[in-house]
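# Residue-level structure breakdown
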Amino acid sequence: MFLSCFFRKHPASFEISSPKIVITKSMTENFKQLKEHNISYEKVTTGYICFNGKVFNDKLDMVIGLHYKLNWVEHIELFRPKEYYDENYDIDASFLEIHEFMKETYGKPTFQHIKKTDKYGNGSSAYWNFNNLKIKHSIWEHFGPTESLTIQFI
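Just so it is clear, the model here is predicted, and its values are computed rather than measured.

A separate point is the side chain of His137. Mapping His137 onto the fold places it in strand S9 (residues 133-141). Side chain to side chain, His137 and Glu147 meet in a polar contact 2.8 Å long. Aside from chain neighbours lying at most four places away, what touches His137 is Phe95, Ile98, His99, Ser124, Ser125, Ala126, Trp128, Glu147, Ser148 and Leu149.

Further remarks concern helix H2 (residues 27-36). Turning to H2, its buried residues number three or more, namely Met27, Asn30, Gln33 and Leu34. Down the axis of H2, the buried side of the element spans an arc of 120 degrees, and every buried residue falls inside it. Exposed side of H2, more than 90 degrees from the buried face: Thr28, Lys35 and Glu36 are the residues found there. Tucked into the core, H2 has its buried residues touching strand S2 (21-23), strand S4 (48-55), strand S5 (60-69) and strand S6 (72-79). Where H2 begins, one side-chain oxygen reaches toward the backbone nitrogen of Thr28, 3.4 Å away; that side chain belongs to Ser26. Downstream of H2 by a residue or two, Asn38 has a phi angle that is positive, lying close to 55 degrees.

What counts, and at which threshold
Residues numbered from 1 in each chain as written. Predicted model: local features only at pLDDT ≥ 70, side-chain atom pairs only at ≥ 80, totals over all residues. Heavy atoms only, no water. Helix = DSSP H or I, 4+ residues; strand = E, 2+ residues; numbered from the N terminus. Polar contact = N/O pair within 3.5 Å; in protein donor to acceptor, adjacent residues only side chain to side chain. Contact = heavy atoms within 4.5 Å. Buried < 20%, exposed > 50% of the residue type's maximum accessible area, 1.4 Å probe, protein only. Arc of directions from axis to C-beta.

Written out as structure tokens, the structure reads:
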């Protein structure tokens, strides 16, 4: 709950637990931190890089994607590493696990609708709105059910 108050009063940022860096709006600063910590990243396309890390106090291995234009981060995208998606993958269980860490970190969502994903790929969703961050976690149809977690700086 402390963090939700923190984000309402401080500049927009997102902390990666390991490697220990803080993603800000400035890509100059983000690239500087990646270089200082010797973090390799993949340039997926113009304005989009990805790297591996741990979030929520080292509790989750995630891929961190930074979508940016010129020098400014448009949004951060978090998703599970490829190894997570095996024959036992359950999108609803994945959503609930991440959702619990989100609630621990950011407090009660501004909006949430928790349900089992239907045959059309529509599932749970939750949103957190702060003065300087918007966080959206949802399951939606994208060539099959897809879990999405995005953090947008305002």
